[in-house]
Structure formats: structure tokens, C-alpha cells
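# Chains, contacts and geometry: an overview
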Amino acid sequence: MPKLPKLPKLPKFSKLSKLPGLSKLLKRKGGEDDDIDDDDDSEDEFDEKSDAGSKSDSAKDSGKDSGKGKGGDDDDDADEYDDDDYDDDEEEEGSFGRKKQLLVAAVGAAVLLVGILGGAGWWYFSDDGGGAQKTAVRTQSQHRDPAKGQSVQLALPPKPGSKKAMLTPPSGSKARRPARRDSAKPSRSTQAGSKEGFGRVIGDIGGRFGGKANPLGGSLNALGGAPKEGSGIVIPSVTSVTIQSLPDYPAGRPLGPTPDARLIEKKEGLPGPLPRIGEDDTKPWQAYARPYTSKEPGMRVAIAIIGLGLSRAATMASISKLPPEITLVLDPYATDLSDWLVRARLVGHEVMVALPMESERFPIQDAGPFSLDTGLSLEDNLKRLELVLSQFSGYTGVATVLGSRFGTSVELLTPVLDHLKKRGLLFLATGAQADLLAPKIAAKIGLPRAISDLTLDENPSRGAIEANLIRLEGIIRDKKSAVAIARPYPSTIARLIAWTKTLDGKKIELVPLSALADTSIAEKP
């Protein structure tokens, strides 16, 4: 504890009494305020009586001592001297009482100041490591049933004024360095003979499948992979806790390796290669599609999950818990897209990439910096299209996102769709695009295409999704085939898992989106 500063010495009371203003004040107060009124009254009466007696005695003695002038003068001087001494004593007693009061006040102020300084010093220099250790021990001693799911525990920070808060981390804690992604090894549960599917493998899963996948899994504050330096913490709406109770779907047969060297071309200035049609006329949408062969096709339905890659928990749930026939659409703004594609194809999902387009409700609905925009030239829009297509390789085609404004421009939309056809890609029109010009232009130029009939979870409540699934069944019966899109909400994934188990009894076949692609060319009127 640091030494307290010495308090300044107070001046002596004898010096204070010599001050002109203070001495007058003390005399005035001494004359006006008496400690005990009764004593003062009795003293006054005693003084009066004594004065009267002294006067009578002096009158009697005056006749006797008239001849003795010097002796009479001496007696008078003695009486006057006695009165002055008495007055001085009273003044000294009054000033001593005032000095005593001032002394008590000064001592009280000094004690209060010492208490404040001592308390502040103790709070500032006290060490709260012991309390942190007790809290850590008590937290570690509490066990939780694994069946209830994961739990989140937050350690209380040290006091703002403590030394540990300023210099060192709390006692008992050790710095942990994040494991390098390229040094991760497969877990024991993924060795030969394990029942766990490829979609749940932790570590390197490259080899002949053409890539590596980083260790993935649910995260409370992960958005599209590990957060970058300087980025804020984002809490996604879907966490691993919300979907951990849903069962995993049995892993399907893995699809072929990606990318195919015959079907890519490199272009300077882009983050990755672009898809292209091979010299043997092999098209990427056919080479990367999930194989489908059916001799007697009946009622069929294809479902595409859009907006994947932004949330690890939601993407992992879509890969590992949904049937492999469901097509997955990755968002171009997500990170680790190649890793997600490898994971999806290892359990049998074919993959598409989302193509953002300008909405008429901009800026309320913002498609992002990669979006095709009516305010840009055709050259700039084609550059943005290639930027989206070069984010990763191995997908079958593109699925539109928004586009209620861009889809009304024939001059801009036609070259974009023609560019997709030249690169051998599949086109999926969703949302507003399904009712605008894109499907008509795609049919006119012979672009392989599919049109969404219904969005299952515009209202992501369980009741609304159930109602849309019943509506989807009606569309399937009328058209013999239908396409639906959805987002990876926990309620959507749970309803799809339950609904797909009932399709066999309803004689409806779940097929990949590429199986419903229309490649015909519309007849000219």
C-alpha cells in the first residue's frame, strides 16, 4: 500500500487568535454566546453583590483612612487589578472552548480523509486473482448432461482497476493458439469402418476429390468461415444448438472429383478459373450433376436450398441432414466456398452458385457488390458475372437472387443469359425472376433452365411451411413435376426431413434439380 501524503500542518491557535479579524470574532462570540445561561446569571448576581459590598466598605473606610491618601489609593488599585484578572480569565476560558471545537473538527476531517484515501488505495491495488480461481473451480465442478446440448459459459472479467486487468490475463488461464487449418488430421471416428458420413469429417478430405476442406462445425460467432482480422463479431440466426437434435441422413455415394481440368479456363484478374465447355462438347452442368436415371418417371420434385455458406451451422445441417437429392446453392459472398463444395459432393449433393441481381426495392433489398445492375454498362455487368463464376469451380449452374429490376431489362439480361449458355451452365430462375423475362429469354436461346414454382419458407414458421408443402404436392399432381426453393432455417430443415420420408407413400420422387432441366428451344411465333 503506498504511503499517504503528509497533511499540511495547521497553524497554532495562539497565532490564530492574533489575527485581527478572528480575534474580534472570538471576543464578540464569547460575549454573546454563553455555554450555560444559569451559571452566567448567578455570576452576574454575585458580581453585583460584591460590587455593592465593596462600595459600602470603601465608604466606611474612607472616614477612617481619610488622612492616609496613599493607602487608599493602593486599595483601589488592587480592586481594579482583581477585576481585570477576572475578565481576562473569562476571555481565556471562551477562547479555549473555541480552540477545542476547531481541534475536534480538524481531527475529524483528517480521519475522514485518511479513510477515503485508504479505501481507494485498497480497491486500486487489491488483487482479485483468488476470486477468479474460486469461480473457475466452481464452474469446472459443475457438470452438464450431454443430452441437453451444448452450453455456453462466460468468465467474469477482472476488476477494471486491478493489476491483472492491466498487465496479465486472469490467473490459471493459458494462451491458446488456434490450430492451423492445413495441419488438421481426421478424427478417429472417421477412420475405416466408421458410420459417420463424409460430410462430418474433420480435417483434410482432399486427395482424388480435388480439394481440401477446413475443419468445420457449429459456431456461435462464425459467419462464412473464420472471421478476418478487424472484422466484427456476427451472431448468426442458426447455431449448432438449434439443429443438433435433427438426425443425420445416411451419406450417399460421393460424386466425382472437381474441378475437371478440361472444363475450366484461367483469366487474369479473377480469383479463380471460369467454367467452359470442353473440346469434346462436355458441358459443366452435365459433368458436375448428380447422376439420375429413371426408366419410368412419374411425379417428381426438386428442391434447392439457397443462401448456404454464410452460416457454418446451417450449411453443415443442410449437407449432412438433408437427402443427397436436394441441390445446394452457395452464396458468392461466403468464404471457403471450395471447401463447402467438396463437403457437399462427398455426400452426393450437386451444387450451384447464387447470382445476385438488382432489386426494385434497393437499397432496402441490397444484392451486394457482385450484383448485376441496370446502372452499369453491359461490359461491367459481364465483368461482375465472371467475378461470381470465378469464386469456385465444380458447380452445375447459377440460381438468381432478387432481380426484380434487372430482370426487366431485355438489353442487359439477354447477353448475360447468352454468356451462361456459352459456358455450359444451368440457369435456375427463382422468386421474381420466375415471372419476368429471364425464363422466356432462356427458352428462346436454348439455355438449360429450371423455374421455381414455390418458395417454401417466405414465412419460416412451422405452420406456414407445412401449408406450402401441401400446396407443392398439388402443383406436382397438376404438372407432374415441380421445383421449390427454401432457405436453411432450422424449421425448414426439420420439415423437409419429415416431409421427404413420406414421398414414397405418395408416389412422388425426389430428384436433383439437373434432372428437371429443360434444354429445348422455344419455337418462334
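In this text, all values refer to a predicted model and were calculated from it rather than measured experimentally.

## Section: the packing of aromatic side chains
- Considering all chains together, one arrives at 2 aromatic pairs under this definition.
- With 5.1 Å between their ring centres and 65° between their planes, Phe392 and Tyr395 make a pair best called edge-to-face.
- The class of Phe392 is buried, set by a relative accessible area of 3%.

## Here's the deal with the pairing of strand β6 (residues 397-402)
- Taken together, the 5 bridges between strand β5 (residues 351-357) and β6 define a ladder with parallel strand orientation. Note on β6: the bridge partner recorded for Pro356 is Val401.
- Each parallel crossover has a hand, and for β5 linked through helix α11 (residues 378-389) to β6 it is right-handed.
- Strand direction decides the pairing type here: β6 and strand β7 (residues 426-429), joined by 3 bridges, are parallel. Bridge assignment links Val398 to a residue of β7, and that residue is Phe427.
- For the segment spanning β6, helix α12 (residues 410-422) and β7, crossover handedness is right-handed.

## Quick word on helix α10 (residues 337-346)
- Here α10 lies mainly inside the structure; 9 of its 10 residues are buried.
- By the burial criterion, the buried members of α10 are Leu337, Asp339, Trp340, Leu341, Val342, Arg343, Ala344, Arg345 and Leu346.
- Those residues of α10 hidden inside the fold are in contact with α9 (312-321), β4 (327-330) and β5.
- Phi turns positive, to about 105°, at Gly348, one or two residues after α10.

## Comments concerning the packing of α9 against α10
- Contact pair α9 / α10: the axes reach a minimum separation of 9 Å and the direction vectors enclose 25°. Taken together, α9 and α10 sit at an angle that is classed as roughly parallel. For the pair α9 and α10, the contacting residues are Arg312, Thr315, Met316 and Ile319 in the first and Trp340, Arg343 and Ala344 in the second.
- For the contact of α9 with α10, the class distribution of residues is 4 nonpolar, 1 polar and 2 charged.

Rules used in this analysis
Residues numbered from 1 in each chain as written. Predicted model: local features only at pLDDT ≥ 70, side-chain atom pairs only at ≥ 80, totals over all residues. Heavy atoms only, no water. Phe/Tyr/Trp six-rings, centres within 6.5 Å; stacked < 30°, edge-to-face > 60°. Buried < 20%, exposed > 50% of the residue type's maximum accessible area, 1.4 Å probe, protein only. Pairing = 2+ DSSP bridges. Helix = DSSP H or I, 4+ residues; strand = E, 2+ residues; numbered from the N terminus. Right-handed = clockwise from strand over helix to strand, strands pointing away. Contact = heavy atoms within 4.5 Å. Axes fitted to C-alpha atoms, helices over the stretch in contact; angles between N-to-C directions. Parallel < 35°, antiparallel > 145°, perpendicular 65-115°, else oblique. Nonpolar A, V, L, I, M, F, W, Y, C, P; charged D, E, K, R; others polar.

Just distances and angles here, no functional claims.
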